[in-house]
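The lines below spell out each chain.
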Amino acid sequence: MVDVLVEDPDSSVGSAVRRLKIPPSRVWVTAAVAAVPTLLIALQIVAFQQGFEGPLESLWRDYTGTPKSMSLPWAGLILALVGISMQRRLVALGAAVIIDLVCAGARLLSGDAPTVGNGPVIVLTALALIAWLRWSGVERRNALHAAALGALLILATKVGDVWLHITVLSGPDVLDEYVMLADHALGDPSWVMGRVVDTLGPVVYAVLHWVYIELPVAAIVVAVWQLRRVVDSGRWPSHYLVRTFLVLGLVGPIVYVLFPVVGPMFAFGVDGNGLQVGNYWPGVLPPIDRNPAPLPFDAATPRNCMPSMHTAWALSVFLHTRRDADGSRAPRWLRWGGAFWLLATLTATLGFGYHYGVDLVAGAVLCLTVESALREPERGWGWFRIRLVAGGAAVLAVLLLSYRYLAVPMAEYAVPAGTIVLALLAGMAAAFHATWFAGQREQVVTVRAVEPVER
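Since the structure is predicted, the reported quantities are computational estimates derived from the model, not experimental observations.

Draft legend 1. Molecular detail of the packing of aromatic side chains. Summed over the entire model, instances satisfying the criterion amount to 10 aromatic pairs. Between the aromatic rings of Tyr 205 and Phe 352, the centroid separation amounts to 4.7 Å while the plane-to-plane angle is 50°, which identifies the pairing as tilted. Of this pair, Tyr 205 sits in helix α9 (residues 202-213) while Phe 352 sits in the loop between α15 (332-351) and α16 (357-374); the two residues are 147 residues apart in sequence, bridging distant segments of the chain. The partly exposed category is assigned to Tyr 205, whose relative accessible area is 38%. Residue classification places Phe 352 among the buried positions, given a relative accessible area of 4%. On the basis of an interplanar angle of 45° and a centroid distance of 6.1 Å, the ring pair of Trp 236 and Tyr 240 is categorised as tilted. Neither Trp 236 nor Tyr 240 differs from the other in exposure class; each is buried. One aromatic cluster is present, built from ring pairs that chain together Tyr 205, Tyr 212, Phe 352 and Tyr 354.

Draft legend 2. Quick look at the nonpolar core. Core analysis: the biggest nonpolar cluster contains 77 residues, and Phe 259, Val 261, Met 306, Tyr 356 and Tyr 403 have the highest contact counts within it. At 10 residues, the largest contribution of residues to this core is made by α16. The contact partners of Phe 259, leaving out residues within four places of it in the chain, are Leu 175, Val 179, Met 306, Leu 400, Tyr 403 and Arg 404. Counting residues in hydrophobic clusters, the runner-up holds 16 residues, among them Ala 80, Leu 81, Leu 127 and Ala 131.

Draft legend 3. A look at the side chain of Ser 372. Within the fold, Ser 372 resides in helix α16. Ser 372 sits in the buried class, given a relative accessible area of 0%. In terms of polar contacts, Ser 372 uses its side chain to reach the backbone carbonyl oxygen of Leu 368, at 2.7 Å. Setting aside residues no more than four positions away along its own chain, Ser 372 makes contact with Arg 385, Leu 388, Val 389, Phe 432 and Trp 436.

Draft legend 4. Highlighting the pattern of salt bridges. With the rule as written, the count across this model stands at 10 salt bridges. Ionic pairing is found between Arg 61 and Glu 53, a salt bridge with its closest N-O pair at 2.9 Å. Its salt-bridge partner being Asp 324, residue Arg 228 comes within 2.6 Å of it at the nearest N-O pair. Of this pair, Arg 228 sits in the loop between α10 (215-226) and α11 (230-233) while Asp 324 sits in the loop between α14 (309-320) and α15, and the two are 96 residues apart along the sequence. Under the relative-accessibility criterion, Arg 228 is labelled partly exposed at 31%. We classify Asp 324 as buried; its relative accessible area is 11%. Three or more residues are tied together by salt bridges with common partners; here these are Arg 228, Arg 229 and Asp 324.

Draft legend 5. Broad picture of unusual backbone geometry. The omega angle of the peptide bond from Trp 281 to Pro 282 is -5°, so this bond is cis rather than trans. Of note, the phi angle at Asn 273 is positive, near 55°, even though the residue is not glycine. You will see that Glu 376, though not glycine, has its phi angle at about 45°, which is positive. Checked against the element boundaries, Glu 376 lands in the loop between α16 and α17 (383-405). Judged by its relative accessible area of 15%, Glu 376 falls in the buried class.

Draft legend 6. Looking closely at the confidence of the model for the protein. For the protein, mean pLDDT is 86; residues scoring 70 or higher make up 89% of the total. Within the protein, α16 carries the highest mean pLDDT (96), whereas strand β1 (residues 2-7) carries the lowest (44). Scored below 50 in pLDDT, residues 442-455 shows 4 contacts in the model against residues more than four places distant or in partner chains.

Parameters and conventions
Residues numbered from 1 in each chain as written. Predicted model: local features only at pLDDT ≥ 70, side-chain atom pairs only at ≥ 80, totals over all residues. Heavy atoms only, no water. Phe/Tyr/Trp six-rings, centres within 6.5 Å; stacked < 30°, edge-to-face > 60°. Helix = DSSP H or I, 4+ residues; strand = E, 2+ residues; numbered from the N terminus. Buried < 20%, exposed > 50% of the residue type's maximum accessible area, 1.4 Å probe, protein only. Core = buried A, V, L, I, M, F, W, Y, C linked by side-chain atoms within 4.5 Å. Contact = heavy atoms within 4.5 Å. Polar contact = N/O pair within 3.5 Å; in protein donor to acceptor, adjacent residues only side chain to side chain. Salt bridge = Lys/Arg side-chain N within 4 Å of Asp/Glu carboxyl O. pLDDT = per-residue confidence, 0-100.

Now the structure itself:
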């Protein structure tokens, strides 16, 4: 609790004060509300100085111009609708559709592409204002909570777009030669999957591309399922997917500036625009260079490979499709959907040449670490959580340092090096499962075993 001293006007002594107890959660919420506009303004200033579009400009286009994404604004609105009643959901959806149709029609008449996305952003803003000004109690709290989640999802992408530019400014040289050597320890999976995807043809490519691009849509489906009882019960789950998504989006990209990597299709393929080591990917493996060096690269390609955030996010989707909030198994369609999205995302990240295999290992470790820090907050911070979070952070640091400073030995002794890398990931996964899933399953089985039998 936070103590605040205020003057008590009812006291007979003018200098008397009383202590107010403010929940820490409210303090954190207030700090977050203040931090978001501060961050947006700071990034907008950086973007203006460097000559690229900032988050406030992009947000303004969502309201009055052509939205950068057609699906993401709708994903944000759908997430916001979990906090209001069904009748109000239908009204909000109808209003968003009408606004989008009008805006798309106006663009079509002016000769532009009939893109959508204005409607959901406008309705989401209106929903938050109406809830703040006109509603009260649990109804107001649920609506504002859900609207904040939807808005954060949209704003996070604006921040992410700017951060990709910052990775270019902070990392003119990239470390792909080191990562490619380290990837020999895993059998060069990007080169293997690149040839596999080429063989499978355009239909498979299109499906994988859609899965890769629309990862937020899968996250919204899972989040809506997790939050489906909020309005009826008036209670929010202690942990759900959106929290993991947002924290991963804050923590993971920090590594981008510490470990700039562009990916095999750029550093070793024709998309390098003349700056690549050679046109190797995906047909030919580059020779082992025992004297790797940072590679100067262009000012347009983001350094967003290490770690693979698509792997981290897709793995978090998979984890949150395993069980419901009460520990029971999730529906079959959700479990199979989460597994499909994870496998398809991993295939796309490698098969499109966006990532090396070691990027995926780092992304998976990051996901398990962040998820361990957030999952089941009611259990507190005992040794069971500290060892997972600290161990995951240590494993991630060991991997990054190995990729950078032991790349040549990893390539020369591929089998033992690859075994160690995969063993570290497997150990982290086993500890995660034992802590968060095995015990939970035993608890569910025990509860069901003592349930009275109906006669």
